[in-house]
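# Examining the three-dimensional arrangement
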Amino acid sequence: MIKYFQDDILQVVNLIRHKINESEKLQVVQKEISRRCAAVIGIIDESQGKPVFQKDISKFLKIRRSTATSMLQDMEKDGLITRVPVGNDMRLKQLLLTDKAMRYALMIREEFTIIENSIIRGFSDEEKAKLAGYLERIKNNLTE
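Residues numbered from 1 in each chain as written. Predicted model: local features only at pLDDT ≥ 70, side-chain atom pairs only at ≥ 80, totals over all residues. Heavy atoms only, no water.

## Quick notes on the pattern of salt bridges
Evaluated as defined, the whole model comprises 7 salt bridges. As a salt-bridge pair, Lys130 and Glu126 come within 3.4 Å of each other at their nearest N and O atoms. With Lys130 and Glu126 both in helix α7 (residues 125-143) and 4 residues apart, the pair spans about one turn of that helix. Taking relative accessible area as the criterion, Glu126 reaches 53% and is therefore assigned exposed. The partner of Lys139 in a salt bridge is Glu136, with the nearest N and O atoms 3.3 Å apart. Here the residue Lys139 and the residue Glu136 both occupy positions in helix α7, the gap between them amounting to 3 residues, near one helical turn. (Salt bridge = Lys/Arg side-chain N within 4 Å of Asp/Glu carboxyl O. Helix = DSSP H or I, 4+ residues; strand = E, 2+ residues; numbered from the N terminus. Buried < 20%, exposed > 50% of the residue type's maximum accessible area, 1.4 Å probe, protein only.)

## Some remarks on the confidence of the model for the protein
On average, residues of the protein carry a pLDDT of 91, and 99% of them reach 70 or more. Looking at the elements of the protein, mean pLDDT is at its lowest for helix α2 (residues 24-32), recorded as 86, and at its highest for helix α5 (residues 65-77), recorded as 95. (pLDDT = per-residue confidence, 0-100.)

## Description of the packing of α2 against helix α6 (residues 99-119)
Packing of α2 against α6 leaves a shortest axis separation of 9 Å and a crossing angle of 140°. When the interaxial angle is binned, α2 and α6 end up oblique. As α2 runs across α6, the sense of the crossing is left-handed. Together, Lys25, Leu26, Val28, Val29 and Glu32 of α2 and Tyr104, Met107, Ile108, Glu110, Glu111, Phe112 and Ile115 of α6 make up the contact between the two elements. Here the residues of the contact of α2 with α6 sort into 8 nonpolar, no polar and 4 charged. (Axes fitted to C-alpha atoms, helices over the stretch in contact; angles between N-to-C directions. Parallel < 35°, antiparallel > 145°, perpendicular 65-115°, else oblique. Left-handed = near helix turned anticlockwise from the far one by under 90°. Contact = heavy atoms within 4.5 Å. Nonpolar A, V, L, I, M, F, W, Y, C, P; charged D, E, K, R; others polar.)

## A few points about the nonpolar core
One finds Ile33, Ile41 and Met75 to be the most contacted residues of the largest nonpolar core, which totals 26 residues. When residues of this core are assigned to their parent elements, the largest contribution, 6 residues, is made by helix α3 (residues 35-45). Ile41 has contacts with Ile33, Met75, Leu80, Leu97, Ala101, Tyr104 and Ala105, leaving out every residue within four places of it along the chain. (Core = buried A, V, L, I, M, F, W, Y, C linked by side-chain atoms within 4.5 Å.)

Printed below as a string of structure tokens:
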């Protein structure tokens, strides 16, 4: 008999969503900024010093350029990001987090580390590596 995974996948997604929703720190963040803003902060925070631009946000969040423009303008007004021109091209602007956004980034990072650790608790290093590979393949399959 063939095993279908849809029930397992839905259960895992719902359990992760429940863990996120019950996090007190993430509730505080969600009261103050939208999930999309939190996602943008996370993207920039996790870029590890590599420049992040509006096109990167559009691509990662799968939103139109105009939607990204509006959202980033609002984030700039709210003091969450700054846009810094790169080189001579005044149209190309790197997105940087402000101190205010860095405080949110720290809270988000800490909570997601706790959630991730609870997800992979009891996994060997080899199993973690395999899981990472499987998740990457799933993402690739879904984006093709």
